[in-house]
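What follows is the residue order along each chain.
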Amino acid sequence: MFPLIVLSVFLIFHFFIYFFFIKRIIKPKIPLLVFKYFLIANYLGVVCYFLGRYYWNMPQSLYFLVSLSIGVGFILLVASLLYQPLSLIPYFSKKRRTFLRNGINVFSGFFAGGYLGFGLIEGGMQPKVEQINLPLKNLKTPFSAVQVSDLHIGGLIEENIVRKIVNQVNSLGADVVFLTGDIIDTEVSNVPRAMEELSKLKAPLGVYFVTGNHEFFHNIGELLATLKGYGIRVLENENIVLVKNGKKLVNLAGVYDLFGRRVGVLEPDLTKALDKRDDSLPTILLAHQPKFALEVDDSKSVDLILSGHTHGGQISPFRFLVMIDQPYLAGLYQHSTKTKVYVNRGTGFWGPPMRILARSEITHFKFVVG
């Protein structure tokens, strides 16, 4: 259903772009015909992206081109939306009308091209390490952690990129690593070398994983078994106590992603995840989607929820659409009197290798006595 829904949305986008933008700024028949076929080809590129992502393998060079179709479609949509109020500017005279119309058309073209170029530049940047110092109530021994989220291994995220990120994470020397979902976005059999690179994540207290929604799209049973085989601890509606040098630090709990409720398997269960924890310790909960926080009130006594999923909007102003579905977008929030939420912007990307005003992130937490 996910590919079908997205393809339907992009089909509507492309119709809107053509009838409310392209046809209004381009009058000569031949250029208009060229752009018409360009939009058709671009939409077919979106279709091919989903085929390559979820159904069959294609050469990476071709995969890169079709992934750009998603970015181009979204950028042209933004340009189309900006054009609507500009087109309503009163002209007063024919001469001024021609001048303003030409100016708006040129601006629209430069805007779309610059937007695409900036997105590719920011999308290609190394993830930014966000340093977060955070007190935890009842914490007796400070410790550090790294959060990686939404890496989306598969497609354009292969072993070379995973290797760089793993090296970047390991260089931080954290006590523990948290993987908060959407780490793998393909059949694990398609990316054996990338998975081997991921297995090189090292931390004295271990590497812990919770599912995201995209893991459900690809034989999730095999995926979880592979992660466990590499020594990555999968938290499946359960909690453990992190211990450093013989001293108890925190309860670490993790739940399955909310997508499990849609498909009726591996459903999140907060009560089970918090069962039999040590009430004398603070609790950190790993939950892929920020809106899972809506199920956590002060009676649950969760000190911190770590999430991802939103990509920080990835391509601004897509963030405004994300915020319709999710209560938190990126960064640290005070969810309730007792509970904070931190949302990682994503360490990789989905779709085109683009980011605009939402640079990819690795989060380095230093938890201190509260």
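Only a predicted model underlies this, so the values are computations on that prediction, with no experimental measurement involved.

Asks: Summarise the UniProt feature "transmembrane region" (unreviewed entry) in the protein chain; cite the residues concerned and give the values.
Replies: With numbering aligned to this structure, UniProt lists the feature "transmembrane region" (unreviewed entry) at residues 6-22, 34-56, 62-83 and 104-121. Helix makes up 91% of residues 34-56 and strand 0%, whereas the separation of the span's terminal C-alpha atoms amounts to 30 Å. Along residues 62-83, the helical share is 100% and the strand share 0%, with 31 Å between the first and last C-alpha atoms.

Asks: Give a description of the packing of helix 2 (residues 29-54) against helix 3 (residues 60-86) that names residues and reports values.
Replies: Packing of helix 2 against helix 3 leaves a shortest axis separation of 8 Å and a crossing angle of 125°. Classified by the interaxial angle, the pair formed by helix 2 and helix 3 is oblique. Pair helix 2 / helix 3 crosses with left-handed handedness. Each of Phe38, Leu39, Asn42, Gly45, Val46, Cys48, Tyr49, Gly52 and Arg53 in helix 2 lies in contact with helix 3, whose residues at this interface are Tyr63, Val66, Ser67, Ser69, Ile70, Val72, Gly73 and Leu76. Of the residues belonging to the contact of helix 2 with helix 3, the class tally is 10 nonpolar, six polar and one charged.

Asks: Residue-level account of the sheet that holds strand 6 (residues 238-244), with values.
Replies: As summarised here, the arrangement of the six strands in space is 6-7-8-9-11-10, forming an open sheet in which the pairing is mixed. The open sheet has two free edges, formed respectively by strand 6 and strand 10 (331-334), since each of these has just one partner strand. Averaged over all pairs of adjacent strands, the angle between strand axes in this sheet comes to 25°, irrespective of strand direction. Bridge count between strand 9 (residues 304-307) and strand 11 (residues 340-343): four bridges; the pairing is parallel. Pairing of leucine 306 across the sheet is with tyrosine 342, part of strand 11.

Asks: A description of the packing of aromatic side chains should follow, citing residues and the corresponding values.
Replies: This structure, assessed with the given rule, holds 17 aromatic pairs. Seen from their ring centres, phenylalanine 217 and phenylalanine 259 are 5.3 Å apart, and the 85° between their planes marks the pair as edge-to-face. Remark: phenylalanine 259 occurs in helix 8 (residues 259-263) and phenylalanine 217 occurs in the loop between strand 4 (207-209) and helix 7 (220-229); sequence separation between them is 42 residues. The exposure class assigned to phenylalanine 259 is buried, which follows from its relative accessible area of 15%. Between the aromatic rings of tyrosine 342 and phenylalanine 365, the centroid separation amounts to 5.2 Å while the plane-to-plane angle is 85°, which identifies the pairing as edge-to-face. Remark: phenylalanine 365 occurs in strand 12 (residues 361-369) and tyrosine 342 occurs in strand 11; sequence separation between them is 23 residues. When sorted by exposure, tyrosine 342 lands in the same class as phenylalanine 365, which is buried. Grouping aromatic residues by their ring pairs yields a cluster made of Tyr49, Phe50, Tyr63 and Trp350.

Cut-offs used in this document
Residues numbered from 1 in each chain as written. Predicted model: local features only at pLDDT ≥ 70, side-chain atom pairs only at ≥ 80, totals over all residues. Heavy atoms only, no water. UniProt positions renumbered as here; feature names shortened; annotations may be inferred. Helix = DSSP H or I, 4+ residues; strand = E, 2+ residues; numbered from the N terminus. Axes fitted to C-alpha atoms, helices over the stretch in contact; angles between N-to-C directions. Parallel < 35°, antiparallel > 145°, perpendicular 65-115°, else oblique. Left-handed = near helix turned anticlockwise from the far one by under 90°. Contact = heavy atoms within 4.5 Å. Nonpolar A, V, L, I, M, F, W, Y, C, P; charged D, E, K, R; others polar. Pairing = 2+ DSSP bridges. Phe/Tyr/Trp six-rings, centres within 6.5 Å; stacked < 30°, edge-to-face > 60°. Buried < 20%, exposed > 50% of the residue type's maximum accessible area, 1.4 Å probe, protein only.

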